[in-house]
Amino acid sequence: DASTMSPRQYFDRLNQDYLTVYTPKERWFWTNYMGTTADHAAFAASETAYKSFIANPERIDELRAQIAVAEALPAGAEREDLLHGLNGWLHFFEINAIESAEGRRLDAHLVEDDTALFAKRKELTLYYANEKGQRTEGSTLVLSINLVSSDNEQVRKSSHDALLDLERWVVGNGYIDMVKRRNAFARALGYGNYFDYKVRVSEQMSPEQLFAILDGFEAQTREAQRRGFEDLKRRRGPDAVAAHNLKYYTRGDTAQRMDPYLPFAKSLRRWVESFGRMGVDYREADLTLDLIDRKGKFENGFMHHDAAWVPAAINFTSNANPAQVGSGELGLMTLFHEGGHAAHFANVAQNAPCFSQEFPPTSMAYAETQSMFFDSLLGDADWLKLYARNADGEPPPDELIEQKIEAEQPMAAYHERTLLMVPYFEWAAYSLPEAELTPERL
């Protein structure tokens, strides 16, 4: 009973209760996404328990009452520390609590939707045509690297077609119903649609405020992208900007020539050495890395961690295929990006787990800042000269680095603009009238 606890007792108990529901959720998430278990029911149950905990509106009144008591305590560092933690939790629950029983019921259905689609997706196999024209199984990672590094247009075209098949599969296997249910949930809470809800909760801004920024960025980069495409067509022919050719003609030549200098086998060492020399400290965290592509494993790199203000337990993954050209650079990119996330959250040294977790009220923009800074280093000429080495220990020649820059720089606006796809698509999808939510429209 919160009313019988002192502010310190309540705070300590809340910290522990959060970890009690968060830790199993994180562990089930990791084992299910890595394909080492397939207990989707247990994963869904742990996710539901966590969502129920953070959605509990009673915590708001409890915390306000405890803060009032704590403010009357004798002044000093101990009181300030306690108030800091209690106010952190108050903000956390004000963001995540769902006051209506109907809203909490609908939220539970969203967890079921996500789990069901995830389970079905793990059973889907994608195929492309290899250099000999043979039908070959390929993960989204293999397909994506084919678009960058394969000299064979048949391989590139069939890989791109397979990724389009995945899009069609998603809209035909539950995505449309998920959009409808997510919108119903958001409207039950008083928001216009699910995108409106997510942006306001995660970023503390309206969609209109968000798109005022994104629209400005789009307008200011539009002409640079057009120039990049025109330049590419002049240099490589009109087919170079076809969807299945674009990445190859902007990166493929130099990606192949750079590959011997960025072997996957050296990725881990280069990450450790580079971060170590920059003074990155994980504060005694336990890091679990799962780096190799395999069937049944989730196909996007990510970082998750057990939220705590003691040494963190951090899991991160990539999906490298060491035999494939380009896998070393991609593996390094993931290590630097996800390792940047891990360094960020391992170094949040405040006094409650609400301050060190990647869900609201943590802003996505804030969470990505450090990780994207670190992964940007891999395109830096100085970094390549210092760390990239072939089997004979030689760095890439200056000429190759210059060619890499010359190939990629004209398309820099395009590559930055690809990040706009998700918000523009999701805003449009969640804003559609239900009658227009069809696979063809999407």
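Refer to the structure printed above.
Presented here is an overview of the structure given in this document. None of the values given here were measured: they were computed from a predicted structure.

Here we come to the nonpolar core. Generally speaking, nonpolar side chains in soluble globular proteins are found buried as a group. In this structure, Met258, Trp271, Tyr282, Phe336 and Trp383 are the most contacted members of the largest nonpolar core, which totals 26 residues. Breaking this core down by element, the ones donating at least two residues are helix 12 (267-277), strand 5 (313-320), helix 13 (327-346), helix 15 (381-387) and helix 16 (398-408). With 6 residues, helix 13 is the largest single contributor of residues to this core. Those residues in contact with Met258 that lie beyond four places of it in its chain are Leu384, Pro396, Leu400, Ile401 and Lys404.

Another point: helix 3 (residues 58-71). With 14 residues, helix 3 should reach 20 Å at 1.5 Å per residue; the first-to-last C-alpha distance of 20 Å fits that figure. Turning to helix 3, its buried residues number three or more, namely Arg59, Ile60, Leu63, Gln66, Ile67 and Ala70. Down the axis of helix 3, the buried side of the element spans an arc of 135 degrees, and every buried residue falls inside it. Of the exposed residues in helix 3, the ones pointing more than 90 degrees away from its buried face are Glu58 and Asp61. As for helix 3, its buried residues are in contact with helix 1 (7-33), helix 2 (40-54) and helix 4 (77-96).

On to unusual backbone geometry, then. With an omega dihedral of 10 degrees, the bond running from Pro360 to Pro361 counts as a cis peptide bond. Within the secondary structure layout, Pro361 lies in the loop between helix 13 and helix 14 (364-376). Look at Arg283: it is not a glycine, yet its phi comes out positive at around 50 degrees. Position of Arg283 among the secondary structure elements: in the loop between helix 12 and strand 3 (286-292).

All right, on to the pattern of salt bridges then. Under the definition given, this model contains 26 salt bridges. Put simply, Glu218 and Arg222 hold a salt bridge, and the shortest N to O gap is 2.6 Å. With Glu218 and Arg222 both in helix 10 (residues 207-236) and 4 residues apart, the pair spans about one turn of that helix. The exposure class assigned to Glu218 is buried, which follows from its relative accessible area of 19%. Through salt bridges that share partners, Arg13, Asp17, Arg59 and Glu62 make up one connected network.

With that settled, the discussion passes to the packing of helix 1 against helix 3. Here helix 1 crosses helix 3 at 145 degrees, and the two axes come no closer than 9 Å. Crossing geometry of helix 1 relative to helix 3 is assigned as left-handed. Mapping the contact onto sequence places Pro7, Tyr10, Leu14 and Asp17 in helix 1 and Arg59, Glu62, Leu63, Gln66, Val69 and Ala70 in helix 3. Counted by class, the contact of helix 1 with helix 3 contains 6 nonpolar, 1 polar and 3 charged residues.

Turning to the side chain of Thr221, a few remarks are in order. Within the element layout of this structure, Thr221 appears in helix 10. Side-chain polar atoms of Thr221 contact the backbone oxygen of Glu218, separated by 3.3 Å. Setting aside anything within four residues of it in sequence, one finds Thr221 in contact with Ala413 and Arg417.

Moving on: the environment of Asp231. Mapped onto the elements, Asp231 comes out in helix 10. We classify Asp231 as partly exposed; its relative accessible area is 22%. Between the C-alpha atom of Asp231 and that of Ser202, which follows or precedes it by 29 residues, the distance is 39 Å.

Of all the residues in helix 16, the buried ones are Leu400, Ile401, Lys404 and Ala407. For helix 16, the arc enclosing every buried residue in end-on projection is 125 degrees, short of the 170-degree limit, so these residues lie on one face.

Position of Ala44 relative to the elements: it lies in helix 2. The exposure class of Ala44 is buried, given its relative accessible area of 15%. Spatially, the C-alpha atom of Ala44 lies 8.5 Å from that of Lys25, the residues being 19 residues apart in sequence. In this view, Ala44 contacts Val111 and Thr115; residues no more than four positions away in its chain are not counted.

What counts and how
All chains use their own residue numbering, which begins from 1 and follows the written sequence. Under the rules for a predicted model, residues below a pLDDT of 70 receive no local features and side-chain atom pairs below 80 are neither given nor counted, while totals for whole chains, interfaces and linings still include all residues. In computing side-chain properties, one takes all heavy atoms of the structure into account and sets aside hydrogens as well as water. Within this scheme, the nonpolar core is defined by two criteria: the residues are buried Ala, Val, Leu, Ile, Met, Phe, Trp, Tyr or Cys, and they are joined through side-chain atoms within 4.5 Å. Using a 1.4 Å probe on the protein chains alone, a residue whose accessible area is under 20% of its type maximum counts as buried, one over 50% counts as exposed, and one in between counts as partly exposed. For helices the rule is a DSSP run of H or I covering at least 4 residues; for strands it is a run of E covering at least 2, with both sets numbered from the N terminus onward. We call two residues in contact when some of their heavy atoms are within 4.5 Å. A helix's residues, less one, multiplied by 1.5 Å, set its expected span. To be clear, the arc concerns the directions from the helix axis to the C-beta atoms. Any Lys or Arg side-chain nitrogen found within 4 Å of a carboxyl oxygen on Asp or Glu counts as a salt bridge. Lines are fitted to the C-alpha atoms to define the axes, a helix being fitted only along its stretch in contact, and any angle between axes, read from their N-to-C directions, falls within 0 to 180 degrees. Whether a crossing is left-handed or right-handed is set by the direction in which the near helix is turned from the far one by less than a right angle, anticlockwise for left-handed and clockwise for right-handed. Charged means Asp, Glu, Lys or Arg here, nonpolar means Ala, Val, Leu, Ile, Met, Phe, Trp, Tyr, Cys or Pro, and polar covers whatever is left, Gly included. Between N or O atoms, a polar contact is any pair within 3.5 Å; within protein, one atom must be a potential hydrogen donor and the other a potential acceptor, and residues adjacent in sequence are included only when both atoms are from side chains.

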